[in-house]
Every structure is written in structure tokens, then in C-alpha cells.
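# Fold and geometry: a report
Each chain, written out:
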Amino acid sequence: MTPTSSASAKPLRVAVIGGGIGGLTLGLALRAHGLRATIYEQAAELAEIGAAVALSANATRELDRLGLGPALAAVSTEPTELIYRDGRSGARIAAHPVRKGGAYRARFGAPYYGVHRADLQKVLSGALAGEDLHLGHRLTALDQRGDAMALTFANGAEVEADLVIGGDGVRSEVRRWITGGETVRYSGTSAFRGVVPMGLLPSLPDPEAIQFWMGPDAHLLHYAIGRQADSVNFFAVVEGPERWTSERWLAGIAPGEHRAGFSGWHPAVIEMLDALPQTQRWGLFVTDPLRRWHRGRAVLMGDSAHAMLPHHGQGANTTIEDAVTLAELLAAGGARDLDGMMRRYQALRQTRTRTIQRSAWATNRLLHLPDAVGPSGLAQRDARMARFPEDFGWIHAFDTRVTVLEGAAGDSRAA
Ligand SMILES: Cc1cc2nc3c(=O)[nH]c(=O)nc-3n(C[C@H](O)[C@H](O)[C@H](O)COP(=O)(O)OP(=O)(O)OC[C@H]3O[C@@H](n4cnc5c(N)ncnc54)[C@H](O)[C@@H]3O)c2cc1C
């Protein structure tokens, strides 16, 4: 079934720009309601570049409801614990059980997973089975024509839609049209990342835990991925460079440059950083908080609306929440009042995602504390890490469908 619009009861033409985590999830969530959308993805094939993603209960409960639970479990690792360590001595500062004792599932009602991005994409696109997905379509222009949106693609295609959903990531074309300008900003931090076979990491303590190794101006995060936990995804973040001059996310580095911020760190950290050749640095970009998520008949979701630093591991998870919210609202009659639907969607999503965005910035400071803060500053940080489940449980406990049904304006708890 296709959603119908207002008085004419004509089928509503929904165009989703971007076949990333958000676009694919939205396609599936709409289909679960018997609704259809057409997804336009710029890439000629869905081939995720390297690295992994951590999925928390606020997203895995939704993917499970979409029938993807078993397929996801088959390619994921549940971390044993969440551990914070001193990056240099390796001392355990705080630890919280995840898989251990079934603690995380018992508390949040759904699993926490480490999964290779390519595997997640396969699960999502496999379930969608290519239906309504148009590859090789890069959106280059949008235009409002009466109640419809005219879309132009780089391959020359032109289509009309009644509703355009911008799931086109942090450098979104749809956002440019909605806001009239660029709102993406370099965070002043950059990262090195990779997926390392477990066998190359003999020094790593607690190899199946998700671990933060913290130190001055840098941290290393890693977790195991795959059904057999046979690889480790790592993500090493450093302050700087001060300015990002490359046109792209990635900038080439000199040999050994990736290690500069980790001099004197624990051997397990150095071993991980050196396990694979590192040739590139990732700039970390965020969007400034947007006043409006929609204009005319176009609305944003995921990174296009709220790209955030990855320190709560919530970019993909909140994107999945957005997709499910949009599908719920459209299915609940939103197609008959698109302006009202988009206003309600923004009201439901803006506060929560802004709060997490802000909290991720604050977490960056905490993970990179300089020695100059002294013993009492470090003790305060350690106390915060020990309170992580109490302070941040609200992120994971969130249930999108309950929120939509209750009409609550997201979780506005300060971080
Ligand atoms: C290093 C790193 C680590 C991360 N780790 C985590 C994590 O552990 N947990 C987590 O929840 N999140 C994590 N994230 C964030 C997460 O990857 C993103 O938040 C998430 O992918 C956003 O989904 P999206 O669908 O909005 O965008 P994307 O997944 O980026 O998809 C956007 C899609 O739109 C397409 N597109 C772009 N422009 C156009 C156009 N003009 N026309 C047509 N198609 C277009 C792109 O090709 C792409 O397929 C991490 C991010 C980074 C950078």
C-alpha cells in the first residue's frame, strides 16, 4: 500500500534521498506498515567502506521489531563489559557488565552489539531486497512546485515527489535546500580507525569488552565484531589538527603520524594502532544544531539533521530512531497533514538528539583530560565513568514507539 495524501486520496509519493543506515531503515519501517517509499542513493552499489558500528538497545529493539533480530545477531558480538582504562598504565578505572550476567539486556530489554558496517548494511538491504531502491542517483537539486517537490539527479533523471526525506548524511543536499546554507563544522578532532584480526592483538586485556583508553588529548575506543568476535574495530581520536583543509573527510598522513598522540601509551594501544598500515586521518565533522528540520515538503533525518561526535556511539542509533518515528507518524495519518506531521516529528526528535550531541562534546573533553587537571580533576573524571550507567541509561532505555504513542517530546534530560 502507498500512503495517500489529503483530499484527493492520491497515493503519496515519498522520496528518500540516501540509502545509508537511515534510508534503508526507513524503507523497511514504512514497509512494515504496508507503506512505500522510493529510495535514491548516489552510489552505484551499496558498498560500505570499512569499520564498524555499535548498536545500542534504543536501535536494536527497533531492528528486532522489523524482524531483523536473528540476522543481526548472526553477524554481531555482544561486548562482555564496558571498561574505562588509563591509556598509559592500562589500569581499569571503571567497568560495567554488558553481556556478563545478561546485565545490559536485563536493564534495557534489547542487546548491545558490535557489528561490521558492511554486515549491517547487508542485513538492511537484504531485507529490503532492492525493492524501491534506485542506485546511481545523486541528487543535485530540489525545487518546490506547488505542493510537490521536483528532484533532479546527476544522471539526468527528474522526478516529482509529495514528500522528500533527506537521509543523505552529514553533507546533505536536502539540508542545504532547507537551511539555505552550510551548517557542517569541523570539530577540531580527528581519528584513525581500522578493523584488526583478533590474532594480531596478543597484548589486549579483556579482548571482547568495549573499552575506552583515556589520556591527555587523545583516546582509543575498541570493541569486537562478528559472530565469533574474531576482529576488533578501533577508533583512535586525537585533538587537532586545528584546521581541516582537505575538501574530503580523509586526509593522507606521513608514516607513523597516527602514533604521535599516543607516545608512552600502553603496549596494547600501540599494538592496535600499528596492527594495520595507517595512511589516512578522518576529520570528525558535526552539524550545528538546526532551528528547522523541514521546509516546504522536505524533511531531514539522521546525520543530515544532527551529525554528532561519535563518543556516545549514537549517530546511527539516533538515525534509526528518526526513521522509525517518521514511519510511525506517516502510518498514523501523517500523510493527510504533512506540515503537521513534520512539525510533530521535529518536536519529537529535536530535543533528544540535541542533548546527545551536546553530551558527546562534553564527553570528548572528559576522555581527553590533560594531566594539568591534577589528581582531583582525574578523580572527578573517574567518578563520572563509574556512574556511566546511571548518567546515560536514558539514552539506551529510550523506546521510540512508546514516545510516538505518548506524544512525549523526546528525552530532554540534561547530560
Ligand atoms: C568514525 C565514526 C564512527 C561511528 N561510530 C558509530 C557508532 O559506533 N554507533 C553509532 O550509532 N554511530 C556511529 N557513527 C555515526 C554513524 O555512522 C552515522 O550517524 C550514521 O551512518 C548516519 O546515518 P545516515 O543514514 O544519516 O547517513 P549515512 O549512513 O552517512 O548515509 C547517507 C547516504 O546518503 C548518500 N548520499 C549522500 N548524498 C547524496 C545525494 N546527494 N544523493 C543521493 N544519495 C546521497 C550517501 O552515499 C550515503 O549512502 C560513527 C561515525 C563515524 C564517522
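Residues numbered from 1 in each chain as written. Predicted model: local features only at pLDDT ≥ 70, side-chain atom pairs only at ≥ 80, totals over all residues. Heavy atoms only, no water.

The name given to the chain in an unreviewed UniProt entry is 6-hydroxynicotinate 3-monooxygenase, with Methylobacterium frigidaeris as the source organism. As recorded by UniProt, the Cofactor (unreviewed entry) comment attached to the chain reads in full: "FAD". (UniProt positions renumbered as here; feature names shortened; annotations may be inferred.)

### Digging into the UniProt feature "transmembrane region" (unreviewed entry) in the chain
With numbering aligned to this structure, UniProt lists the feature "transmembrane region" (unreviewed entry) at residues 12–30. Between the end C-alpha atoms of residues 12–30 there is a gap of 13 Å, over a span that is 53% helix and 21% strand. (Helix = DSSP H or I, 4+ residues; strand = E, 2+ residues; numbered from the N terminus.)

### Here's the deal with the pattern of salt bridges
Here the structure, examined in full by the defined rule, presents 26 salt bridges. Salt-bridge contacts for Asp382 lead to Arg381; the nearest nitrogen and oxygen are separated by 3.0 Å. According to the relative accessible area criterion, Arg381 is buried, its value standing at 5%. It is possible to trace a salt-bridge network through shared partners that takes in Glu62, Arg65, Glu328, Asp399 and Arg401. (Salt bridge = Lys/Arg side-chain N within 4 Å of Asp/Glu carboxyl O. Buried < 20%, exposed > 50% of the residue type's maximum accessible area, 1.4 Å probe, protein only.)

### A look at the sheet that holds strand 17 (residues 250–252)
If you trace the eight strands from one edge of the open sheet to the other, you get 6-5-14-15-16-13-18-17, paired in mixed fashion. Each edge of the sheet is formed by a strand with only one pairing partner; in this case those strands are strand 6 (92–97) and strand 17. Put simply, the sheet's adjacent strands are angled 20 degrees from each other on average, direction ignored. As paired elements, strand 17 and strand 18 (residues 280–287) share three bridges and run antiparallel to each other. When the bridges of strand 18 are listed, Ala251 appears paired with Arg281. Helix 11 (residues 374–386) contacts strand 5 (81–86), strand 6 and strand 14 (210–215) of the sheet and is inclined by roughly 10 degrees relative to strand 6. (Pairing = 2+ DSSP bridges. Axes fitted to C-alpha atoms, helices over the stretch in contact; angles between N-to-C directions. Contact = heavy atoms within 4.5 Å.)

### What to know about the site of the ligand
Not every one of the 30 residues close to the ligand is listed here, only the nearest: Gly22, Glu41, Arg117, Asp303 and Ala316. Starting from 1000 Å² of accessible surface for the ligand in isolation, the protein chains cover 84%. Those elements that place two or more of their residues in the shell around the ligand are helix 1 (21–32), strand 3 (52–55) and helix 9 (315–331). Looking at the shell around the ligand element by element, the count peaks at four residues for helix 9. Looking at the shell around the ligand, its residues break down into ten nonpolar, 14 polar and six charged. (Near = heavy atom within 4 Å. Areas by Shrake-Rupley, 256 points an atom, 1.4 Å probe, with all protein chains shown as cover. Nonpolar A, V, L, I, M, F, W, Y, C, P; charged D, E, K, R; others polar.)

### Things to note about unusual backbone geometry
Following Gly240, the chain continues into Pro241 via a peptide bond in cis, with omega recorded as 0 degrees. Mapped onto the secondary structure, Pro241 falls in the loop between strand 16 (231–239) and strand 17. Unusually for a residue other than glycine, Asp217 sits at a positive phi of about 65 degrees. Within the element layout of this structure, Asp217 appears in the loop between strand 14 and strand 15 (218–225). For Asp217, a relative accessible area of 45% translates into the label partly exposed. With phi around 50 degrees, Ala229 is a residue other than glycine that occupies positive phi space.

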